[in-house]
Each structure stands twice: as structure tokens, then as C-alpha cells.
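Tertiary structure, described
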Amino acid sequence: MLTAVTGINWGDEGKGRVIDLLAEHADIVVRYQGGNNAGHTVVNKQGKFVLNLLPSGILHPDVVCVLGDGMVIDLNHLSNEIAQIRTQDVSVSPKNLKLSTRATISMPWHKIQDELEEERLSKSGAAFGSTKRGIAYAYSDKYRKKTIRLGDLLHLDEENVQARLKTMLEAKNLELAGCYHQEPMSLSALLSWCRQKAAKYAWTVALFYLHRRHGWLTPASVYSQSALRCFLLISGHSSNKKSEASELASDFLFSSLSTITSCPFRRRLLLALLECPL
């Protein structure tokens, strides 16, 4: 059964509380839109939790939570939010958190632009009370095709992704320099920021991609987990047990992976395996 919770009263309707109650009987909780301007407060036996990006289903250990396609995700804020609820003994791992490859990244300049515009408007008394978290600017750039999605973090070395980053940065520098007299940002700094985020979140983005291709709750998803474990083992994100990675890879490569031969992730996995003594 699919249950949708939608707020139709401009926010603050208690959606987080309702989702927390419904999550007790759910396998998957998906947040389908919005950013970290939201504030979902849940109070349970573990304490008080204020969630901005994470679905409140994250408080249930057997629930898979997904940040979905329509979201704009501030990765710095997400890191802090995960760190905070971990201090309250809530587990967050690839097992219970997936990030959609199609979700939009809230870039560093979105918050800057939000703050600068609110400051400009405040001088004439026209400020509208923005949260200054860059949500409106992230969505605006999404529809102007001036941002990237989480899945692009898996392909930062590809020419088309770097070309899009360059185009985005040129346009944003024109806006920030022309309207707000800011110093231009560099492409090297932008690429460095993207690579840092890729190193931190590639595990859950890649797992979401594979699950989307193979199914969430079917036996085939076991192959997806094996492939990702293999990838993490080889690339050093988990451990150096390359023999374990080889064993995990053997069944996957000749079974499930053969059905997605055009998948860029497969190419990366195969290249990693070439460096691993089988």
C-alpha cells in the first residue's frame, strides 16, 4: 500500500509527526521535494529531534529512507544533521538512507545569493523573511538548468559534467559580480568541493542507482549490495580486504551486472577490478 502525506497549508501542518507515526508500519519512507528550510520536530522515547532534510522515518531502524528526485539537497547541512542525530543514538548508514541520483544539489553559492538578496531588500524594507538557506535559488537554477544532480558526483571526471560545471560557474559569477559586486569563484575550487562531496556520499548515491535498476525489496537487490561493497572495498572506502571484494564481485559481474552493460557505474567497477588481483 502507498500512503502519501502532503501539506496544503503552506507548511507547519505537522507532517513530520504524521510520517513518524505512519513509519511504524512502512518499509520505505520517501521525501519527494523540498530542502533544508523545512523543520520537522519529532519527540519520542529517545528524545527530541529536529529534522530538516532527513525524513522522520529515519528514527525507525527497520525503515529505508530516501531523499527523492524532487529535493534540493545541501550536502553540508545533511552532514551536520546526520552527525547530530547519531549523537542521539540513531543509526544512519547505507542500509537505511539512500540519496536519489536525480535530486538537485544545493550549491554553495545558493545560500550566498539568498543572503545577499535579503540584505539588499532589507535596505528598502522589502525583505520577505527568507530562511537564507538558498532553497529558492537552488530550485530556480534547477529549472534554468544551471545546477547539477547527485548522480553527477559519480562522473566528475567526464568531460560533459566538467563542461556543465564551467558553464554554471560562468553564469553565476556574472550574476554575483554584476548584481552584488562579489569576487568571482574559481572552477578549480568548485571541482575540489564537488570531489569532496563525492568522496563522502558516493556510497549512498551509487546504491540508490543500483537499487532503482534492480528493485528495492527483491532478491536481486542482494547483487546491488554486493557490487557496492565490492566497489567500496577496492576503492579503499571500507577496508583493504581485496580478496573479499574479489569473491563478492565474481557472482555479481557475471549475473546481475550483465543486464546493465551500458551503466557507467559498471565501467568504474570493472576498472577498479582490473587493479585487484582476482
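Criteria and cut-off values
- Residues numbered from 1 in each chain as written.
- Predicted model: local features only at pLDDT ≥ 70, side-chain atom pairs only at ≥ 80, totals over all residues.
- Heavy atoms only, no water.
- Helix = DSSP H or I, 4+ residues; strand = E, 2+ residues; numbered from the N terminus.
- Expected span 1.5 Å × (residues − 1).
- Buried < 20%, exposed > 50% of the residue type's maximum accessible area, 1.4 Å probe, protein only.
- Salt bridge = Lys/Arg side-chain N within 4 Å of Asp/Glu carboxyl O.
- Contact = heavy atoms within 4.5 Å.
- pLDDT = per-residue confidence, 0-100.
- Axes fitted to C-alpha atoms, helices over the stretch in contact; angles between N-to-C directions.
- Parallel < 35°, antiparallel > 145°, perpendicular 65-115°, else oblique.
- Left-handed = near helix turned anticlockwise from the far one by under 90°.

Description of helix 5 (residues 159-180)
Look at helix 5: 31 Å from first C-alpha to last across 22 residues, which is about the 32 Å you get at 1.5 Å a residue. For helix 5, every residue scored as buried is listed here: Val161, Leu165, Met168, Leu169, Ala171, Lys172, Asn173, Glu175, Leu176 and Tyr180. In the stretch just after helix 5, His181 is the one whose phi turns positive, near 60°.

Considering the pattern of salt bridges
The final tally for this structure, using the stated rule, is 9 salt bridges. One salt bridge connects Asp141 with Arg144, and the closest N-O pair in it is separated by 2.7 Å. Overlapping salt bridges bring together Asp141, Arg144, Lys172 and Glu175 as one network.

Quick look at the environment of Thr104
Topologically, Thr104 is positioned in strand 6 (residues 104-105). With 31 residues separating them along the chain, Thr104 and Ile73 place their C-alpha atoms 6.2 Å apart. Setting aside its immediate chain neighbours within four residues, Thr104 contacts Asp69, Met71, Val72, Ile73, Ala138, Lys142, Thr147, Ile148 and Arg149.

Things to note about unusual backbone geometry
Backbone geometry at Asp89 places phi at a positive 65°, although glycine is not the residue there. Considering the arrangement of structural elements, one finds Asp89 in the loop between helix 2 (75-86) and strand 5 (97-99). One non-glycine residue, His181, adopts positive backbone phi at about 60°. Looking at where His181 falls in the secondary structure, it is placed in the loop between helix 5 and helix 6 (187-214). His181 gets classed as exposed once you look at its relative accessible area, which sits at 67%.

Considering the confidence of the model for the protein chain
On average, residues of the protein chain score 78 in pLDDT, and 73% of them are at 70 or above. Of the regions scoring below 50 in pLDDT, residues 269-278 engages in 19 contacts with residues more than four places distant in sequence or in other chains.

Observations concerning the packing of helix 3 (residues 108-122) against helix 5
One can describe the packing of helix 3 onto helix 5 by two numbers: an axis separation of 12 Å at closest approach and a directional angle of 20°. Here helix 5 runs roughly parallel to helix 3, going by the angle between their axes. As for how helix 3 packs across helix 5, the hand of that crossing is left-handed. Across the interface between the two elements, Trp109, Gln113, Leu116, Glu117 and Arg120 of helix 3 pack against Met168, Leu169, Lys172, Glu175, Leu176 and Tyr180 of helix 5.

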